[in-house]
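Analysis of the macromolecular model
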2 protein chains.
Amino acid sequence: MKPYAQMTAAEREKELSALRERYLDFQARGLSLNMARGKPGKAQLDLVSDMLTVLTDPADCMDGGVDVRNYGELTGIPSAKRLFADLLGTAPEEILVGGNASLNLMYDLIAKAYTHGLLHSQRPWSQEETVKFLCPSPGYDRHFKISASFGMEMITIPMTAEGPDMDLVEEAVKDPAVKGMWCVPKYSNPEGIVYSDAVVDRIAALRPAAPDFALMWDNAYCVHEIYGEFVPFRDILTLCREQGNADMVYEFASTSKITFPGAGVAVMAASRENQKYYESLLTYQTISYDKVNQLRHVRYLKDKAGVLALMQRHAAILAPKFTAVLDALRAEIAPLQIATWTEPKGGYFVSVNAMPGTAKRVVALMKEAGVILTGAGATYPYGKDPADSNIRIAPSLPPVEELQQAMEVFCLCLRIAALEKLSAEG
Amino acid sequence: MKPYAQMTAAEREKELSALRERYLDFQARGLSLNMARGKPGKAQLDLVSDMLTVLTDPADCMDGGVDVRNYGELTGIPSAKRLFADLLGTAPEEILVGGNASLNLMYDLIAKAYTHGLLHSQRPWSQEETVKFLCPSPGYDRHFKISASFGMEMITIPMTAEGPDMDLVEEAVKDPAVKGMWCVPKYSNPEGIVYSDAVVDRIAALRPAAPDFALMWDNAYCVHEIYGEFVPFRDILTLCREQGNADMVYEFASTSKITFPGAGVAVMAASRENQKYYESLLTYQTISYDKVNQLRHVRYLKDKAGVLALMQRHAAILAPKFTAVLDALRAEIAPLQIATWTEPKGGYFVSVNAMPGTAKRVVALMKEAGVILTGAGATYPYGKDPADSNIRIAPSLPPVEELQQAMEVFCLCLRIAALEKLSAEG
């Protein structure tokens, strides 16, 4: 195997023809796999079955003096606030505990910014001429889709190996129309990058022109190591407060990939002033989120140590899947020099940069072979990857054997698309 | 006892002085009761304890082919859609199953009207000069607070014994700025009025000038009889569709007062076209509501018959409480002709009309005697009851013995406030 770029046209043609035959074989197998989303596999869900029966009778449903079965406790039950404060390194008073899916809390915050404004807004964002948002990319498609849904102008900020390009961020926030930034600080989606201390410090010290700049700190993978022990992270609320930016940051996390993605508990951490303001709006929106499920989580997970121990059991299931992905790429693709990829230590994705101009083709080829990937471009604002290169691989759902098959096809598709491209370029 | 209005000034003074002494006695007892909200009592919560353990292992968590523990099924699990369609008389395709609290679904619909517009909106409501909403009153304070929170102009529509005054409603909807109406059609909050067929027919046949008029049909008490058997209701979606108004109505219901107020399941029923449009917005807001809890409800409640049987057990607990309230009013207040009240067959409230100009005073006196009632005026838009007369009694939470004490004080307060008023008027 030699790098494709060094092959002669004839060598490429021969290679392409052989690969197309193998591809036809795969198509004939009638695969049906989905690697589009970071969806835990069944074995992971089975880990936490005991949570289903952790509350069995009325006496179990008391959280101190609070009967969690009844109305009340708009911002979450006390014990759940303590648990999540412990996990995130914040104070319980800085925690709002919600229902399933932290995406819902993020969306609702943005929605309230539009309808009512945030704590320091001069007017609701719906009354602003333009609202711009910084989108470190590649990034999480659902963040960008929230922004798109509200008609924001999205500004792509390239990711570096240490996090968002801070020179560009610092420059961009001088524009008062720039109202916030999406961040996944630990094991970023999709690259698995952990923001360096220097980057986090610069973020906390930002001086945005917009008084209501919202740092959307999606700590989705805060305890989601794939290999090795828990890697501690610093409390962004404290860092921002120390820089005089106490009300700039909203941190999000959830148990979606700790317990059940379909029945988890989400949290928003923010300054006391932000929480007070948010509660003054939330009181019209709901009476409480599901408090029985909040208590179920507290009783089952117990404390930070309980969460971290469980995460090691998730890691034991996930590690071989990530290894299968990386082994295939190393063996099949590395020598050809047609793609690069990340080797994340946590999170849910492997980010592959295919030969520029081939990502869409690769995803289409995969689909025709029965494997669904996240759409090419999804990791960029407006769904448009300028280089048509980035592909997000989500290895968590399929069993290892299926994943190995899927990766065989994937490598084949990367190669076919690269050869087609090189041929077209002559 | 003779009607206060027929008493001489001297008789009134003597009476007032005696009542004030009794009031002081009550104050000395140090009562601490809350009758502000329609909050189920502990005995009601204990009815459904078996729901806590209805799902115990992974195999239990399959809803047909759907593993409810994992991501997906944005609009609810199939079996839950069937259950609620059965209860409401709609098709499963017309059902969205949410998380805890139907208030959240109502708020979110209004919020989306403001940020994105509804299916037939010409523009988002945030871009309208004025948004007006019809508020049949007395009504549910939380409805009015949603409207207030979004800055709507609320138009009070008086309630008749059959529902909202439809002559006024039909006139009001000719204004294109009138974008909707709040309705609690069965056992209205707080009066317990069941809209008559004639009223419901006229509502379904409305011809609003606004193309995106939203009939907010909060069927909160659809199966919540206090005495006797289930009283069937007609499907508002069908009635509206038959009148060419298929997309005008959004119906809401929840299990908050069927299973757990703190861990229920809420639903929104609407036309297929509305659901399709709503789902196109919801896809940015969340990944799914809590599906394990949806399945828990399905497995526990089973079907409409299961729900109705459970509601009879709730009724057996609630009926003596309503009887205690009404007995006290009949014995202590009726002869004095200083107040009127409803005698609801279902729902969660007794609506008392105190002597005009005395409601605030009564609520204040109650508070000073240790009993919290819903704030006077809360049942009207802007929290302002023009007659200062309506008081909402929520008898569900206290045990009967405590309720009897509370009603003793309440009758005393009604009398004191009426005598004070009559004296002031000379």
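A quick note: this is a predicted structure, and the numbers were derived from the prediction, not measured.

**Quick notes on the overall build of chain A**
If you tally the helices and strands in chain A, you get 13 helices and 15 strands. A compact globule built from 426 residues should have a C-alpha radius of gyration of about 22 Å, and chain A, at 23 Å, falls within 12% of that. Judged by the C-alpha coordinates and their principal axes, chain A covers about 75 × 55 × 35 Å. Within chain A, the proportion of its 426 residues that are buried is 56%.

**Concerning the relation of the copies chain A and chain B**
Turning chain A through 180 degrees and shifting it by 0.0 Å along the axis lays it on chain B, with an RMSD of 0.0 Å. Such values leave the two copies arranged in the relation of a two-fold axis. Taking C-alpha positions as reference, the residue of chain A nearest the rotation axis is Thr53(A), located at 2.9 Å. Mapped onto chain B, 100% of the interface residues of chain A again fall at the interface, so both copies present the same surface.

**As for the packing of helix H12 (residues 359–368) of chain A against helix H13 (residues 400–424) of chain A**
All names here are of chain A. Following both chains from N to C, one finds H12 and H13 inclined at 135 degrees, their axes separated by 9 Å at the closest point. As judged from the angle between their axes, H12 and H13 are oblique. Considering the relative orientation of H12 and H13, their crossing is right-handed. In this structure, H12 uses Arg361, Val362, Leu365 and Met366 to contact H13, whose residues at the interface are Val409, Phe410, Cys413, Leu414, Ile416, Ala417 and Glu420. Class assignment of the residues belonging to the contact of H12 with H13 gives a composition of 9 nonpolar, no polar and 2 charged.

**Considering the confidence of the model for chain A**
The predicted structure's coordinates, where accompanied by low pLDDT, should not be read in detail. Chain-level pLDDT for chain A is 97 on average; 100% of the residues reach the 70-or-more range. The complex prediction reports pTM at 0.97, with the ipTM value standing at 0.97.

**Overview of the nonpolar core**
Counting residues in hydrophobic clusters, the biggest one holds 284 residues, and the most contacted among them are Leu215(A) and Leu215(B). The contact partners of Leu215(B), leaving out residues within four places of it in the chain, are Gly180(B), Met181(B), Cys183(B), Ile203(B), Met248(B), Val249(B) and Tyr250(B).

**Focus: the sheet that holds strand S13 (residues 350–353) of chain A**
Whether parallel or antiparallel, the strands of a sheet pair through hydrogen bonds between backbone atoms. Residue and element names in this part refer to chain A. Strand order in the open sheet formed by 3 strands is S12-S13-S15, and the pairing between neighbours is antiparallel. Only two strands of the sheet have a single neighbouring strand rather than two, namely strand S12 (340–341) and strand S15 (390–393). Note that S13 and S15 share 4 bridges and pair antiparallel. Counterpart to Val350 in the pairing with S15 is Ile393.

**Some thoughts on helix H1 (residues 9–29) of chain A**
Taking 1.5 Å per residue as the helical rise, H1(A) with its 21 residues ought to reach 30 Å, and the 31 Å between its terminal C-alpha atoms agrees with that figure. Gly30(A) lies just past H1(A) and shows a positive phi near 65 degrees.

**Some details on the pairing of strand S8 (residues 178–183) of chain A**
Residues and elements named next belong to chain A. The buried fraction of S8 is high, at 6 of 6 residues. Two strands pair when backbone bridges link them, and strand S5 (residues 132–137) and S8 are joined in this way by 3 bridges, in the parallel orientation. Along S8, the bridge assignment pairs Leu134 with Met181. In the sheet, S8 pairs with strand S9 (residues 214–218) via 4 bridges, with the strands oriented parallel. Paired with Gly180 across the two strands is Ala214, which belongs to S9.

**What about the sheet that holds strand S15 (residues 390–393) of chain B?**
All names here are of chain B. The sheet built from 3 strands is open, its strands ordered S12-S13-S15 with antiparallel pairing. The sheet is open, and its two borders are formed by strand S12 (339–341) and S15, each paired with just one other strand. Between one strand and the next, the sheet's axes are offset by a mean angle of 25 degrees, whatever the strand orientation. Its contacts with the sheet place helix H12 (residues 359–368) against strand S13 (350–354) and S15, and it is angled at close to 40 degrees to S15.

**Re the interface of chain A and chain B**
Contact residues are listed per partner, giving 45 residues for chain A and 45 residues for chain B. If you list the elements that add at least two residues to the side of chain A that touches chain B, you get helix H2 (42–47), helix H4 (102–115), helix H5 (141–149), helix H9 (272–285) and helix H10 (291–301) of chain A. The leading source of residues in the side of chain A that touches chain B is H4(A), at 6 residues.

**Focus on the domain arrangement of chain A**
Residues and elements named next belong to chain A. Entries for chain A in the domain assignment read domain 1 (4–45 + 308–424) and domain 2 (63–306). Measuring from the centre of the C-alpha atoms in domain 1 to the corresponding centre in domain 2 gives 30 Å. Taken together, the 27 residues of domain 1 in the interface contact 31 residues of domain 2. Elements with a minimum of two residues in the side of domain 1 that touches domain 2: helix H11 (304–333) and S15. Residue contributions to the side of domain 1 that touches domain 2 peak at 8 residues, all from H11. By residue class, the composition of the side of domain 1 that touches domain 2 is 17 nonpolar, 7 polar and 3 charged.

**Overview of the environment of Ile110(A)**
All names here are of chain A. Residue position: Ile110 is located in helix H4. For Ile110, a count of 28 C-beta atoms within 10 Å translates into the label buried. In sequence terms Ile110 and Asn34 are 76 residues apart; their C-alpha atoms lie 30 Å from each other.

**Some remarks on helix H7 (residues 197–204) of chain B**
For an α-helix, the turn length of 3.6 residues means that residues three or four places apart are oriented alike. Residues and elements named next belong to chain B. For H7, every residue scored as buried is listed here: Val199, Val200, Ile203 and Ala204. Viewed end-on, H7 has its buried residues packed into an arc of 135 degrees, placing them on one side of the element. Looking at the packing, one finds that the buried side of H7 touches strand S7 (163–164), helix H6 (166–172), strand S9 (214–218) and helix H8 (236–242).

**Examining the packing of H4(A) against helix H4 (residues 102–115) of chain B**
Between H4(A) and H4(B), whose axes approach to 10 Å, the crossing angle comes to 55 degrees. Classified by the angle their axes make, H4(A) and H4(B) are oblique. Here H4(A) runs over H4(B); the crossing is left-handed. Where H4(A) approaches H4(B), its residues Ala111(A), Tyr114(A) and Thr115(A) are matched on the opposing element by Ala111(B), Tyr114(B) and Thr115(B). Split into classes, the residues belonging to the contact of H4(A) with H4(B) amount to 4 nonpolar, 2 polar and no charged.

**Comments concerning unusual backbone geometry**
Cis geometry is found at the peptide bond from Ser137(A) to Pro138(A), where omega equals 5 degrees. Between Asn189(A) and Pro190(A) the backbone carries a cis peptide bond, its omega angle lying at 10 degrees. Relative to the assigned elements, Pro190(A) resides in the loop between S8 and helix H7 (197–204). For Glu73(B), which is not glycine, the phi torsion reads 60 degrees and is therefore positive. By secondary structure assignment, the location of Glu73(B) is in the loop between strand S3 (66–67) and helix H3 (78–88).

**Focus on the pairing of S9(A)**
Residues and elements named next belong to chain A. Burial of S9 is extensive: 5 of the 5 residues sit out of reach of the surface. Side chains of S9 alternate between two faces, with Ala214, Met216 and Asp218 and Leu215 and Trp217 buried alike. With H7 bridging S8 and its parallel neighbour S9, the resulting β-α-β unit is right-handed. Bridge count for S9 against strand S10 (residues 249–254) is 4 bridges, and the pairing is parallel. Among the inter-strand pairings, Asp218 is bridged to a residue of S10, identified as Phe252.

**Some details on the environment of Trp125(B)**
Checked against the element boundaries, Trp125(B) lands in the loop between H4 and strand S5 (132–137). Sequence spacing of Trp125(B) and Met152(B) is 27 residues, and the spatial spacing of their C-alpha atoms is 9.9 Å.

**What about the environment of Arg241(B)?**
Of note, Arg241(B) is situated in helix H8. Apart from residues no more than four positions distant in its own chain, Arg241(B) is found in contact with Ala246(B) and Ser271(B).

About the cut-offs
- Residues numbered from 1 in each chain as written.
- Chains lettered and ligands numbered in written order.
- Predicted model: local features only at pLDDT ≥ 70, side-chain atom pairs only at ≥ 80, totals over all residues.
- Helix = DSSP H or I, 4+ residues; strand = E, 2+ residues; numbered from the N terminus.
- Rg over C-alpha atoms; globule rule 2.2 N^0.38 Å.
- Buried ≥ 20, exposed ≤ 12 C-beta atoms within 10 Å, placed from the backbone.
- Least-squares fit on C-alpha atoms with pLDDT ≥ 70 in both.
- Contact = placed C-beta atoms within 7 Å.
- Axes fitted to C-alpha atoms, helices over the stretch in contact; angles between N-to-C directions.
- Parallel < 35°, antiparallel > 145°, perpendicular 65-115°, else oblique.
- Left-handed = near helix turned anticlockwise from the far one by under 90°.
- Nonpolar A, V, L, I, M, F, W, Y, C, P; charged D, E, K, R; others polar.
- pLDDT = per-residue confidence, 0-100.
- Core = buried A, V, L, I, M, F, W, Y, C linked by C-beta atoms within 7 Å.
- Pairing = 2+ DSSP bridges.
- Expected span 1.5 Å × (residues − 1).
- Domains from an automatic or database assignment.
- Arc of directions from axis to C-beta.
- Right-handed = clockwise from strand over helix to strand, strands pointing away.

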